[in-house]
Amino acid sequence: MGRMFNVNGVCIPGLHYMVDLKDRLDAIKAMVDAGHYFAINKARQYGKTTILRSLAGYLQDAYIVISLDFQRMSSADFASESAFVNGLARGILKKVKRMERVSEQVKTELSELAENTNTAARMADIFDCFNDWCEQSEQPIVLLIDEVDTAADSQVFLDFLAQLRADYLDRMELSTFQSVILASVYDIRNMRHKIRGGKEHKQNSPWNISAKFPINMSFSAEEIAGMLDQYETDHATGMDVREVSDLIYAYTSGYPYLVSAICKYIDEEITRTAGLPHSSAAWTKAGVLAAVKHFLSEKNTLFESLIGKLNDYPQMREMIYLLLFQGQTIAYNADDQAMDMLLMFGFVRVEQETIQLANRIFETRLYNYFLTLPEVQSGEMYRKLLRRGSNQKSGAHGSDH
């Protein structure tokens, strides 16, 4: 069976058509080499798991890499400190028990923590194990944790982060991980706000040691062309690779899921349409536009997630309304919570210090969604925003006197 375009889970070289990740992996490895702790916060279906899985293999010669997925831990594992320690030790033990580079002493310590469910295991116990392990290991140890959102309502996870932070700050006197990388949609600030809620807890994040992650996860037109070159080598459609890749980029702005979904639909659906003489007829402007039209009408988990977020957070919905219907230029403000969340969930991007809808597909899909809302049809949302703006101006005026 030949390679295919993948939109479900991690992409695997040899099985799936993929963009070349080497430049990204080189850049992330440089951060690991420098000893940075950081988070990869990107929207749903943005390639986080694929980059983490690829990174684990990329680093394995220079480091001992422990790659965890918090989706494999149950809600019971986050119910208490001891349950979390048991579950975390169990997950790490599964990863290392066949690693010759990990000593039997460490494996025994992890096994005792994993099985010690009758007495209250403490966070300090597993960090003592980590410190001993890092001290005796011949190679530095890197910890990767995917799907951190699973712990989004867990105080014990914040305690875990606080201990990582403490060890990081003491790393000149204490042996600890070379690097820790967390992958999630929510960043730690939003998780902390969700758990604690109070304004008094918005500072002193347990993850304020995190280095900025500057690597662009979107696909460029050139990277899309590279992926299509792989396909063309296998299928010889005769497509104009550059034209098709530029058009896909124009509609998706490189959002990984949308890029792969369009290619998959062309490959598996449009090329099989009755009456097409050859697959080259599908890999054209007409084929891309047909795929775009399909995604503007179909139900899928990405769009359902986006609409769900707008229903959960009215402030985000109002800001999207302003972008779509009022044509307002909205300056980017890093301290605006609604704007921060729109960026986090992938609705918008920052361009020339203003926020823009993330891509043309999202723009059209969201426009169609808003047209179905009774408050938009009646003009009530517009009047509500006008009243809010008037009240804000009155309040500001009153404060001057």
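Definitions and limits used
Residues numbered from 1 in each chain as written. Predicted model: local features only at pLDDT ≥ 70, side-chain atom pairs only at ≥ 80, totals over all residues. Heavy atoms only, no water. pLDDT = per-residue confidence, 0-100. Contact = heavy atoms within 4.5 Å. Phe/Tyr/Trp six-rings, centres within 6.5 Å; stacked < 30°, edge-to-face > 60°. Helix = DSSP H or I, 4+ residues; strand = E, 2+ residues; numbered from the N terminus. Lys NZ or Arg CZ within 6 Å of the ring centre and 35° of its normal. Expected span 1.5 Å × (residues − 1). Buried < 20%, exposed > 50% of the residue type's maximum accessible area, 1.4 Å probe, protein only. Salt bridge = Lys/Arg side-chain N within 4 Å of Asp/Glu carboxyl O. Axes fitted to C-alpha atoms, helices over the stretch in contact; angles between N-to-C directions. Parallel < 35°, antiparallel > 145°, perpendicular 65-115°, else oblique. Nonpolar A, V, L, I, M, F, W, Y, C, P; charged D, E, K, R; others polar. Patch = residues over 30% accessible without salt bridge, like charges linked within 9 Å, V, L, I, M, F, W, Y side chains within 5 Å. Areas by Shrake-Rupley, 256 points an atom, 1.4 Å probe, with all protein chains shown as cover. Lys, Arg positive; Asp, Glu negative; His and termini not counted. Charge placed at Lys NZ, Arg CZ, Asp CG, Glu CD. Left-handed = near helix turned anticlockwise from the far one by under 90°. Pairing = 2+ DSSP bridges. Polar contact = N/O pair within 3.5 Å; in protein donor to acceptor, adjacent residues only side chain to side chain. Right-handed = clockwise from strand over helix to strand, strands pointing away.

Trainee: For this particular structure, what's the right way to read the confidence of the model for the protein?
Mentor: Note that predicted coordinates carrying low pLDDT should not be read in detail. When pLDDT is averaged across the protein, the result is 89; 90% of the residues are at 70 or more. In the predicted structure, residues 198–203 sits below a pLDDT of 50 and forms five contacts with residues beyond four places in sequence or in another chain.

Trainee: Sorry, what's going on with the packing of aromatic side chains here?
Mentor: The relation between two aromatic rings is expressed through the spacing of the ring centres and the mutual angle of the planes. Applying the stated criterion to the full structure yields 28 aromatic pairs. Ring centres of Phe325 and Tyr367 lie 4.9 Å apart, and the angle between their planes is 15 degrees; this geometry places the pair in the stacked category. Of this pair, Phe325 sits in helix α13 (residues 314–326) while Tyr367 sits in helix α15 (residues 360–371); the two residues are 42 residues apart in sequence, bridging distant segments of the chain. Looking at Lys42, its charged tip hangs above the ring of Tyr46, at a distance of 5.3 Å from the centre. The ring centre of Tyr251 lies 4.1 Å from the NZ or CZ of Arg360, which sits over that ring.

Trainee: How should I be thinking about helix α3 (residues 81–96) in this particular structure?
Mentor: Owing to its 3.6 residues per turn, the α-helix aligns residues three or four sequence positions apart on the same side. Between its terminal C-alpha atoms α3 stretches 22 Å, which fits the 22 Å expected from 16 residues at 1.5 Å a residue. Of all the positions in α3, only Ala83, Phe84, Val85, Asn86, Gly87, Leu88, Ala89, Ile92, Leu93 and Val96 are classed as buried. On the buried face of α3, the contacting elements are β2 (64–69), α4 (104–115), α5 (123–136) and α6 (155–169).

Trainee: Could you clarify how one ought to interpret the pattern of salt bridges in this entry?
Mentor: Side-chain pairs of opposite charge can arise where the charged atoms are in close proximity. Inspection of the entire model under this criterion finds 14 salt bridges. Between Arg317 and Glu375 there is a salt bridge, with its nearest N and O atoms 3.7 Å apart. You can see Arg317 sitting in helix α13 and its partner Glu375 sitting in helix α16 (residues 374–377), a full 58 residues away along the chain. Since its relative accessible area comes to 16%, Arg317 is described here as buried. What emerges from the salt-bridge pattern is a single network uniting Glu222, Arg242 and Asp246.

Trainee: What is the right way to look at the packing of helix α12 (residues 301–312) against α13 in this model?
Mentor: Where α12 contacts α13, the axes come no closer than 5 Å and their chain directions differ by 110 degrees. Compared by their axis directions, α12 and α13 come out roughly perpendicular. In this structure, α12 contributes Lys309, Leu310, Asn311 and Asp312 to the contact, and α13 contributes Pro314, Met316, Arg317 and Ile320. Among the residues forming the contact of α12 with α13, the class breakdown is four nonpolar, one polar and three charged.

Trainee: Looking at this model, I keep getting lost on a positive patch on the surface. Mind explaining?
Mentor: Together, Arg53, Arg72, Lys94, Lys95, Lys97 and Arg98 make up a region of like positive charge exposed at the surface. Relative to the elements of secondary structure, Arg98 occurs in the loop between α3 and α4. For Arg98, a relative accessible area of 73% gives the class exposed.

Trainee: Quick question: what am I supposed to make of the environment of Leu323 here?
Mentor: Inspection of the secondary structure assignment puts Leu323 in helix α13. Taking the C-alpha atoms as reference points, Leu323 and Glu380, 57 residues apart in sequence, are found 17 Å from one another. Residues contacting Leu323, with those up to four places away along its chain left out, are Gln328, Ile330, Val348, Ile355 and Leu357.

Trainee: Any chance you could explain the packing of helix α8 (residues 221–235) against helix α9 (residues 241–252) here in plain terms?
Mentor: Between two packed helices, what matters for the description is the angle formed by their axes and the separation of those axes. Direction vectors running N to C along α8 and α9 enclose 130 degrees, while the axes themselves pass 8 Å from each other. Classified by the interaxial angle, the pair formed by α8 and α9 is oblique. The crossing of α8 and α9 is right-handed. Here Ala221, Glu222, Ile224, Ala225, Leu228, Asp229 and Glu232 of α8 lie close against α9, whose contacting residues are Val241, Arg242, Val244, Ser245, Asp246, Ile248 and Tyr249.

Trainee: Quick question: what am I supposed to make of the sheet that holds β2 here?
Mentor: Think of a sheet as strands paired side by side through backbone hydrogen bonds, with each pair either parallel or antiparallel. Across the sheet, which stays open at both edges, the four strands sit in the order β1-β4-β3-β2 with parallel pairing between neighbours. One side of each edge strand has no neighbouring strand; the edge strands of this open sheet are β1 (38–41) and β2. Taking each pair of neighbouring strands and ignoring which way they run, the sheet shows an average axis angle of 15 degrees. Both β1 and strand β4 (residues 179–184) contribute to a ladder of four bridges, which runs parallel. Along β4, the bridge assignment pairs Ile40 with Ala183. Contacts between helix α1 (residues 22–33) and the sheet are confined to β1, β3 (141–146) and β4, with β4 contributing the most and set at about 135 degrees to the helix.

Trainee: I tried to follow the side chain of Glu232 on my own but got confused; where do I start?
Mentor: When you line up the elements, Glu232 lands in helix α8. As a buried residue without a salt bridge, Glu232 has its nearest oppositely charged side chain in Arg3, at a separation of 11 Å. There is a polar contact of 2.5 Å between the side chain of Glu232 and the backbone nitrogen of Gly238. Those residues in contact with Glu232 that sit more than four places away from it in its chain are Thr237, Gly238, Met239 and Val241.

Trainee: Sorry if this is basic, but what is going on with the pairing of β4 here?
Mentor: Remark: a regular strand shows side chains that alternate across the two faces of the sheet. Across the six residues of β4, six count as buried, placing the element largely inside the fold. Across the two faces of β4 the burial is the same, with Ser179, Ile181 and Ala183 and Val180, Leu182 and Ser184 all buried. Relative to β4, β3 runs parallel, the two sharing four bridges. What sits directly across from Ile145, in β4, is Leu182. Taking the sense of rotation as the criterion, the β-α-β connection linking β3, α6 and β4 turns out right-handed.

Trainee: When you look at the environment of Leu93 in this model, what are you seeing that I'm missing?
Mentor: Following the sequence through the fold, Leu93 ends up in helix α3. Given a relative accessible area of 17%, Leu93 falls into the buried group. Spatially, the C-alpha atom of Leu93 lies 6.1 Å from that of Leu110, the residues being 17 residues apart in sequence. Non-local contacts of Leu93, meaning those with residues more than four positions away in its chain, are made with Lys107, Leu110 and Ser111.

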